[in-house]
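An overview of the molecular structure
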Amino acid sequence: MDFIRNALVLNALRSNHNVHLLRLRYLSMLFSNTSQIRNKNLAYPEPLRRQLHMCRSSFQQNKPTVNELKVDKKIVSSEKDKEIDHKISPKEVTVKEERKVFIPPLSEPEEEEDQLPLHDQKRITPESRRFVQKASIMFDDLAIQRGATKEVFKYACQKYISKETLYRRGAVEFIYAGLHEMKRFGVQRDLECYKALLQAFPEGKMIPRNPWQVEFMHYPRQQQCGIDLLEQMEMNAVIPDREFGRLLRNRFGNEAHVTRKYRRIMYWLPKFKNMNPYPMPFNLPTDAIELALIALKRMTVDQETEYKVWKTIDLMEHPEEDTFIVSAQSRTQRRLLEEHNSESPLFVEGPFHVMTRYVKQNYFLLRAEPNINALMKQKQMEKEEDDEDNLFEWKNFFEEEHYTELHPVLSVHEQDDSTVLGLCITGTSSKSSVVNWIRCLERDNPNLSKTPTLFQLISSPDTELQTIGDSRKWKDGENS
């Protein structure tokens, strides 16, 4: 029974002001005698007794008089209740009204803000809203005055810590506001800024002292805020280090839920980081040409691929636009382009999207129709090999031996749907830049200037095929 009463009291104290006033109706029945609570020999701890006295005093202050209850009853009661009240004596009415418990009006729910988490809406109070608004205003003012940079973000964290040196009031709301503003300052992938946010929590105060506090999540709002901070780091591929773990243990201990989350991240994320056989730099360059080279090197499979960079200013005197062209083509693709029949057209398609971590780029593709004869021959030879390996079809020594032909060796560029002859990324992804790319490829591929090239850009749904490099009149049937 003592354990149940302790749980009820803690549940009421953790709730907001309006809710714990409602729940004190039941708590006042359990602890109706204040002398029992004042008795120091009682089994409740001293902080719990002090908080319970504060709750009871606030309940007594908000409790209305009997006259106020009479006025409320006259307004709320119906005509049927009035008829019943006439039959009751005034003395009975007074006793009935004195036993009535006043229920304070609940405040209307406010609109949800982006800075506060969705899983913590029941614990959000008007005071926490004010803390979040105060932190957001501080970040906005510093961004306007000094600029949205990493140094300004760290200065905002130090400003809060220097202001709240003793109690650190509003630390949870400040961290949530900081997590929301990280993308604006461009520090969502910076480990030092996450350390600066974590230092907003006070040291040593929230460390659990016994197994009960560990399992029942001592300081739940603060621990959940720390877990949300680690989850945002995980989503942005930011791996914490030992210093981050030391800061976390100094604030929550070694056995808290948020520390367990940290240990799981330190076990799994380094494994996932080193698992990729084609690693990409964590901090991407800001130059668009270097980003295009990184994307093309990850898309091309041939190790003999050559990468070239052209600028439209160097190609012509008066270009339509000032941009760059990054091209990728291997020796095998140039050989396939030389062997290509000049009567059949080539196709330039795009732009298609490719993600380089969090940066989206557009690339274009030069392709030809697939080599149907070579592909069919290869599939037939593979089928014959499968039949020969079948153990259930035995052959006699007297049967005639059939000599098999050599397999046609197909390159990685010859696929079932098309033959890839080149890739490119331009700065503007426009039609004129792609046309200049084809003109540049004609220098190393003479056969390309004799072959008609059909452009189909998917920038708009009404785009049609366009032909360059050929003076003949193409029929509608041939263009399809």
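A quick note: this is a predicted structure, and the numbers were derived from the prediction, not measured. (Residues numbered from 1 in each chain as written. Predicted model: local features only at pLDDT ≥ 70, side-chain atom pairs only at ≥ 80, totals over all residues. Heavy atoms only, no water.)

What follows deals with the state of the cysteines. Summed over all chains, the structure comprises zero disulfides. No disulfide involves Cys-157; its sulfur sits 7.1 Å from that of Cys-193, the nearest cysteine. On the basis of relative accessibility, which here comes to 1%, the residue Cys-157 falls in the buried class. Cys-424 takes part in no disulfide bond, and the closest cysteine sulfur to it belongs to Cys-440, at a distance of 9.9 Å. (Disulfide = S-S within 2.5 Å. Buried < 20%, exposed > 50% of the residue type's maximum accessible area, 1.4 Å probe, protein only.)

This part takes up the packing of helix H10 (residues 171–185) against helix H13 (residues 220–235). The axes of two packed helices give the description: the angle between them and the distance between them. In contact at an axis separation of 10 Å, H10 and H13 are set at 15° when each is read in the N-to-C sense. In terms of orientation, H10 and H13 fall into the roughly parallel class. Here the hand of the crossing between H10 and H13 comes out left-handed. Taken together, the residues of H13 that come into contact with H10 (itself represented by Val-172, Glu-173, Ile-175, Tyr-176, Leu-179 and Met-182) are Arg-221, Gln-222, Gln-224, Cys-225, Asp-228, Leu-229 and Gln-232. Residue classes in the contact of H10 with H13 are distributed as seven nonpolar, three polar and three charged. (Axes fitted to C-alpha atoms, helices over the stretch in contact; angles between N-to-C directions. Helix = DSSP H or I, 4+ residues; strand = E, 2+ residues; numbered from the N terminus. Parallel < 35°, antiparallel > 145°, perpendicular 65-115°, else oblique. Left-handed = near helix turned anticlockwise from the far one by under 90°. Contact = heavy atoms within 4.5 Å. Nonpolar A, V, L, I, M, F, W, Y, C, P; charged D, E, K, R; others polar.)

Next up on the list: the nonpolar core. Judged by nonpolar contacts, the single largest core of 46 residues is most densely connected at Phe-153, Phe-174, Phe-201 and Phe-244. Top contributing element to this core by residue count: H10, with nine residues. Discounting chain neighbours no more than four positions away, the residues touching Phe-153 are Phe-139, Gly-178, Met-182, Phe-185, Val-187, Cys-193 and Leu-197. (Core = buried A, V, L, I, M, F, W, Y, C linked by side-chain atoms within 4.5 Å.)

Overall, the coordinates contain 11 aromatic pairs when judged by the stated rule. Measuring from ring centre to ring centre gives 6.0 Å for Phe-139 and Phe-185, while their planes differ by 70°; the resulting arrangement is edge-to-face. With Phe-139 in helix H8 (residues 126–146) and Phe-185 in helix H10, the pair connects residues that are 46 residues apart, well separated along the chain. Each member of the pair Phe-139 and Phe-185 is classed as buried. Ring geometry for Tyr-267 versus Trp-268: centroids 5.0 Å apart, planes at 90°, classification edge-to-face. Clustering of aromatic rings is evident, with ring pairs tying together Phe-139, Phe-153, Tyr-160, Phe-174 and Phe-185. For Arg-146, the ring lying beneath its charged end belongs to Tyr-155, and the centroid distance is 4.2 Å. Its end group placed over the ring of Tyr-267, Lys-271 keeps NZ or CZ at 4.8 Å from the ring centre. (Phe/Tyr/Trp six-rings, centres within 6.5 Å; stacked < 30°, edge-to-face > 60°. Lys NZ or Arg CZ within 6 Å of the ring centre and 35° of its normal.)

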